[in-house]
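Now for the letters of each chain:
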Amino acid sequence: MTDRARLHRDDVLRAALELLNEVGIDALTTRRLAGRLGVQSPTLYWHFESRAALLDAMSVAVMQQSRARLSPDPQQPWQDWLMADGLSFRRALLAYRDGARLHAGTRPGKAQREPIEARLRMLHAAGFTPVAATTLLMSVGRFVVGWVLEEQSIQQPDTLAAAAIPDATQYPLLAEGWAATVGGDADLLFERALRLLLDGAQARRR
């Protein structure tokens, strides 16, 4: 039996995600992945035409595993659904090393078009134009990816950053804001920030 006949696409994805957690996205090469699977590199191209195609598929697999970004319930208020969507998306990205970098720059494929259309229908029914609804979905997605990218790129523990609170006598506003955010509850801070974005969308709704 040939390597490509016995190697399934899901096997490649599973091994690739395991390797991502071990070595990070920069060190995740097709050659290294092939070695882990015990095959030659060209065998992987039977399933994925390039490293970029592999990374795109890995990103989709992360969303499917976590059940993040599901289609909305028509009976659920759009604000509640988008908040839940943002929270689940963040958890999915944080579940893997370099999860935000893995997802950044990907574009939805044909399989994602119907779920996206369902979200747009929900927002359109709530009073958003198609352009405004699409912009809002993009904004939430890019906000979450950017936020997690920062979380996964922190150079020092938040406890150390919290110890360097600015002098309140010189910078009273900065000191108050710093004390309430840097080194605080990461989940609560994210939810608060996402709520600001959604409140702005509510104010701009037609």
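Position numbers for residues start from 1 in each chain and track the written sequence from start to end. It should be noted that, the model being predicted, local features are given only for residues of pLDDT at least 70 and side-chain atom pairs only at 80 or more, the latter also being counted only at that level, while totals for whole chains, interfaces and linings use all residues. Calculated side-chain values reflect all of the structure's heavy atoms, with hydrogen atoms and water omitted.

**Brief notes about the nonpolar core**
Counting 49 residues, the largest nonpolar core has Leu33, Leu54, Met58, Trp78 and Leu123 as its most contacted members. Mapped onto this core, the elements with two or more residues apiece are helix H2 (9–23), helix H3 (30–37), helix H5 (51–66), helix H6 (78–94), helix H7 (99–103), helix H8 (113–125), helix H9 (130–151) and helix H12 (186–204). In what follows, residue pairs with any heavy atoms lying within 4.5 Å of each other are defined as contacts. What Leu54 contacts, discounting residues up to four positions off in sequence, is Val12, Leu13, Ala16, Leu28, Leu33 and Phe48. Residue types Ala, Val, Leu, Ile, Met, Phe, Trp, Tyr and Cys, when buried and joined through side-chain atoms within 4.5 Å, form a set referred to as a nonpolar core. Relative accessibility thresholds used throughout: buried, under 20% of the residue-type maximum; exposed, over 50%; partly exposed, between the two (1.4 Å probe, protein chains only). By the criteria applied, helices consist of DSSP H or I runs no shorter than four residues and strands consist of E runs no shorter than two, each listed in order from the N terminus.

**Remarks on the packing of aromatic side chains**
Planes of paired rings set the category: under 30 degrees apart is stacked, over 60 is edge-to-face and the rest tilted, where pairs are Phe, Tyr or Trp rings (Trp by its six-membered ring) whose centres lie within 6.5 Å. Summed over the entire model, instances satisfying the criterion amount to 4 aromatic pairs. Measuring from centroid to centroid gives 5.0 Å for Trp78 and Phe128, while their planes differ by 85°, and the two rings are edge-to-face. Of this pair, Trp78 sits in helix H6 while Phe128 sits in the loop between H8 and H9; the two residues are 50 residues apart in sequence, bridging distant segments of the chain. Relative accessible area serves as the criterion here: at 4%, Phe128 is assigned to the buried category. Relative to Phe190, the ring of Phe143 has its centre 5.8 Å away and its plane inclined at 25°; by these criteria the two rings are stacked. Of this pair, Phe143 sits in helix H9 while Phe190 sits in helix H12, placing them 47 residues apart in sequence.

**Topic: unusual backbone geometry**
Positive phi outside glycine occurs at Asp98, with the angle close to 60°. As for its placement among the helices and strands, Asp98 is situated in the loop between H6 and H7.

**Considerations on the pattern of salt bridges**
Whenever Lys or Arg places a side-chain nitrogen within 4 Å of a carboxyl oxygen from Asp or Glu, that contact is recorded as a salt bridge. Under the definition given, this model contains 7 salt bridges. One salt bridge connects Asp26 with Arg101, and the closest N-O pair in it is separated by 2.7 Å. Residue Asp26 is found in the loop between H2 and H3, and its partner Arg101 is found in helix H7; the two are separated by 75 residues along the sequence. Judged by its relative accessible area of 37%, Arg101 falls in the partly exposed class. If you follow the salt bridges from partner to partner, you end up with Glu18, Glu22 and Arg36 in one network.

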